[in-house]
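# Observations on the model geometry
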Amino acid sequence: MRSATPSIREGLGRVVEKLGNLPAEASLDGLTVLAIRDYSLNYNTTSGPFEALKSINLEINRGQTLGLVGESGSGKTSLAWAIMRYLPDNASEVSGSISLLGENLRGKSHQEILEIRGRRISMVFQDPSTSLNPVIRLGDQIAEVLVRHRGLTPKQALTEGEALLATTGITKPAEMMDRYPHQASGGEKQRVVIATAFACNPELIIFDEPTTALDIITARQILDLFDRLREETQVTALYISHDLGLVSRIADDVAVIRRGLVVEEEPCDRVFSAPQHQYTRDLIAAVPHPNRRIASPAPEESASDLLNMTGVSVRYGETSILTRIFQPDRELTYGACDVSLNVRLRELLGVVGESGSGKSTIAKVLAGLQDFDGSLRFNERVFATRKSINTDYRRAVQIVFQNPDASLNPRQKIREILSRPLKLYKIVPRSEIPQRIRDLLSKVLLPEEFADRYPHQLSGGEKQRVAIARAFAAEPELVICDEITSSLDVSVQASVAKLLVDLQRDTGTTCIFITHDLNLIRQLAHRIAVMYRGSLVDLFETNEAENAERHSYTRALLDAVPVPAGTESSPSP
Amino acid sequence: MSLGYLTRRLFSVLLVLVIVSFAVFAITMILPGNAAVMILGEYATEDQLLALAEVLGLNRPWYIQYFEWAGNILQADWGMSLRLSLPVGEVVGDAFWNSASLAVTALVTVIIVAIPLGILAALYRGSKVDLGIGLFAYVGTAMPEFVTATLLLVFLAGSAGGYLPAGGFIAPNESFPGFVSHVILPAGTLGLILMAHIARQVRSEMSDVLASDYIRAARLKGLRERTVIRRHALPNSLAPAVAVISLDIGYLLGGIIVVEEIFAWPGLGRLLIYALENRDLPVIQAITLLLAAVYALSNLFSDLAIAALDPRVRY
Amino acid sequence: MSDFARHPAGVAGAILLTIIALAVLFGPLVAPYDPQAFHTTVRLQGPSADHWLGTDQFGRDLLSRLLFGARSTIAFGVGATMISVIAGSLIGVTAGVVGGWIDSVIMRGLDGMLAVPDLLFVLLIVTMLGAGTGEAMLAVSIAFTPGMARISRSSVLSIRTREYVLAAVARGESQRYIILSEVIPNAIGPIIVEGTIRVSFAIMIGATLGFLGMGAQPPSTEWGLMVSEARQFMYRSPWVVAVPGLAIAVAAMGFNLFGDALRDAFDPRRSR
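Residues numbered from 1 in each chain as written. Chains lettered and ligands numbered in written order. Predicted model: local features only at pLDDT ≥ 70, side-chain atom pairs only at ≥ 80, totals over all residues.

Further remarks concern the packing of helix α5 (residues 88-123) of chain B against helix α11 (residues 268-277) of chain B. Residues and elements named next belong to chain B. Here α5 crosses α11 at 135°, and the two axes come no closer than 8 Å. Here α11 runs oblique to α5, going by the angle between their axes. Seen from α5, the contacting residues are Val-91, Val-92, Ala-95, Phe-96 and Ser-99; seen from α11, they are Leu-268, Gly-269 and Leu-271. Considered class by class, the residues forming the contact of α5 with α11 number six nonpolar, two polar and no charged. (Axes fitted to C-alpha atoms, helices over the stretch in contact; angles between N-to-C directions. Helix = DSSP H or I, 4+ residues; strand = E, 2+ residues; numbered from the N terminus. Parallel < 35°, antiparallel > 145°, perpendicular 65-115°, else oblique. Contact = placed C-beta atoms within 7 Å. Nonpolar A, V, L, I, M, F, W, Y, C, P; charged D, E, K, R; others polar.)

What follows concerns unusual backbone geometry. Note that the residue after Pro218(C), namely Pro219(C), is joined by a cis bond; omega there is 5°. Within the secondary structure, Pro219(C) sits in the loop between α8 (175-212) and α9 (223-230). In this model, Arg85(A) sits at a positive phi of 60°, which is unusual for a non-glycine residue. Tracing the backbone through its elements, the reader meets Arg85(A) in the loop between α2 (76-84) and β4 (91-100). Even without being glycine, Asn201(A) reaches a positive phi, approximately 50°. Tracing the backbone shows Asn201(A) in the loop between α8 (186-198) and β7 (204-208).

A separate point is the interface of chain C and chain A. Taken together, the contacts link 16 residues of chain C with 19 residues of chain A. Among the elements of the structure, α4 (100-114), α7 (163-171) and α8 of chain C are those that each provide at least two residues to the side of chain C that touches chain A. For the side of chain C that touches chain A, the class distribution of residues is seven nonpolar, three polar and six charged.

Each strand in a sheet pairs with another by means of backbone hydrogen bonds, the pair being arranged parallel or else antiparallel. All names here are of chain A. The six strands lie next to each other as β16-β17-β18-β13-β19-β20, forming an open sheet whose pairing is mixed. Either end of the sheet is taken by a strand with one partner, and the two such strands are β16 (397-400) and β20 (535-541). Between one strand axis and the next, the sheet turns through 20° on average, direction left out of account. Sheet topology places strand β17 (residues 478-482) next to strand β18 (residues 510-515); five bridges connect them, and they run parallel. Looking at β18, one finds that Val-479 is bridged to Cys-511. (Pairing = 2+ DSSP bridges.)

This is a description of form; function is not addressed.
The following block contains the structure:
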């Protein structure tokens, strides 16, 4: 459905486009590429209109990067959709304008928007595994943008696409063009997505949390790539993230958004040195910083070991006869390989690694959920198999899981969930159970009335507190926390971490804290263990983290996790 | 697609067929009365029954009978029909091709109609088109074949103002127009419930695809909606569509029994009803095994088709 | 639950089901005529003031026959499905909970039984057991059990790996507690949804059996039987086959709609 006769201006515009982007002239600096003025957006829901964005005023100048920081539900993603003009049917734009180089996007027809998308504004998405079409080759997915907007032939597009892949740091671009998404790693896929976004030299690129779904080291590489491309192309970028610390490294200006309102908009260094709004200050305080310790006092050097793991390995892929007949290609994989670790009494031991490192496998072994080879020594008793783990051990060792939505039985009230360990281990006589439940709830800073609620009536952070309360209800000697803060918002993360540390200090419980967040663990832990591909590669006191004798992988991790800019000098608030 | 996978799947099919044959054989063992009674009838004397049972080998242990029977089957000796005094192979063979012509016609019609309907419904989700197709789907899946057949017959065939023959069969090689006029009603009946079900499933699959992140990404690249549907959405919904169709072949094989009976179509279904009513065991066993084999093989083919369509599936 | 009410298909299904339930429970009480009574002067009539749905080849009132037959047709479907749900769930839950080679063996057995199309399976069993409503119901239950077992097993398997179940295992809870308190209350949803939808298939197969003469026997007023008895007269009065035929379709649709609405209500993506 082509329009009948393109206007002369459009025709001229196309000629200019075909010649390539206008060079960055000095006179164009300071040019406002994106201007959002008094923009408000509602969603019409069954329970009335929901104000997603309220009077947003933002500007991005040419060559600048604006970091938009907000937690879940803040509306940051809605803003991205609004700019791309990809709003759901129940969205109604109440007021305001969104302008690209002075042209009001709200007034454009659908056809015009299609011309703009991918060509003048493009987007890099959060999860490369889902934003690439699984049945189309990567090369074709880059090429189609070039064919569509730059008028190249398919063959030219493929060649150009290969060149673009090379600029994003892919070592064998020709091979990558031929692959399907499932044949590429997360980092490689994200580079393809970034290449596609840059392909038509757009005026504005929106980055929607591009590193959130990636491993630490890969995330750092993508971040570096973004930095380099920013330098080279002077692209104008809107970088959306929930991570204030991360944004501080790469943005020129930072806007903080909360519940649809922009509460702060400053140049980056001013945001950290002189935050205006209380929420910003809270966010800054919540960002984990290694120099801000929240740990309980360290146990003495000579403290005895509570637990010893010796030569623990976990093999997956054991086959029964039937499986061997029907699936002979199943390989043996190792979840953990010959791990030997000691846990000192009353310490908080951090276990750090990326996904697939085996840290969760170890947690499951210690919680008695996973068969293993090797031995565990706990309280003078040695356990060589999962089956030999007895009730005493299970009472003394408790685990808290990552996903708050799945760790509580949705059909049980909080009261029932908390009373289970009390009844099972006969911690208190029946008559005292209600009181004990009240005590537990108050220890995790939850109101008493929550005892009568169901899990779905609680927020993620509240559910996680209940899970922690459940673990401590058994009066354990060791609590294993498997990425308990990873699914939570930044501000909630900090409070849950602090809660754990307080509980540990008050009860003298030993704690193993598993996470991928190095900055967080350096705040909390006394010692840190580093895992990589199933093996334990490093174990050190927290204050020795930056010593020279650290394992190369540890150093790579430390390099990959930047300490938030502008916070080096700020002491704990 | 590795040869190893293919072999393993074929082995699976074989295993399933063995289990089915066992079940079929077991059922006939549970039968009140045995083959001797069937042949000689109710009024035979005790002695006659015993004598015949001896001749037929019915007094031997069940596992010996089973292995002999299974062995015969594998050597393509399907036995003799108890009622028709003809080799089972012959009788079933003819019926098989007649059923095949009906089933294939129905299946092709279903694929041509139902898949586009489902896709349309997903593309225009929430519109009147979608509601209409949805209504058709709900009604269609609620009508047993005999109801559809009866209603179609009443309105489209029959003595007063009938447009189509009410039953019977003409082979395609004898007279193609004749074949077509006779196949319309039975294939339509068979196809209706399948069309309804498949359209609904395809709609649901396609809706999922359209709501996916990669479709959103494609749209945000500025691609025209036509391109998005054609290049991005459709290829992803083909594999699930194949899966649904292969599941529904089971319904097809069941429906064929009733449809052939009503329309006097001389296929396996009609033969089966006859055999069931007359307790013609060898025929019953043969047809059951055959239908189960067809179903299992069609599942295998659909797995192969899915592997060809979806690059992520690598066996 | 208020979400459910806003789902038009669910509301439609619920309404249909209510009508059906009333027909099953009170049909014979409110039927205007004796279902077997001949009214020879008004044979093969369409709807009229006296006979709201018309009459059949013997002049019997179709509405009354329908109301009496509701029990044979619907209760058949519900009964057969319930038996298969209970039997299937027992097998499936056992397989899912126990795991190991027992699970593999059960799965292979189920696969074998599922390789035979439903109607075929039912016909075979009915032939062996003899014709009749009770035999037909047993046959349908047996035929549906493998499918229900599959659903129960997969439901259990998906719940078994949820973290709250792992937490219970880590605590050292007894197997009994885990199954009864953690797994089953959460696994039941998909089983109920599938069961509801299966009722519509059971009704259809039951009616088909009645039609083929292998299910309910005369003088029952089972709806499938009604269609088969009236077949030869259908050209003279389409009502005589359309009325019971459409009644079957409406009943099956009711359960289908309701089951779909249940599925959406249980779907975690929808629930808040």
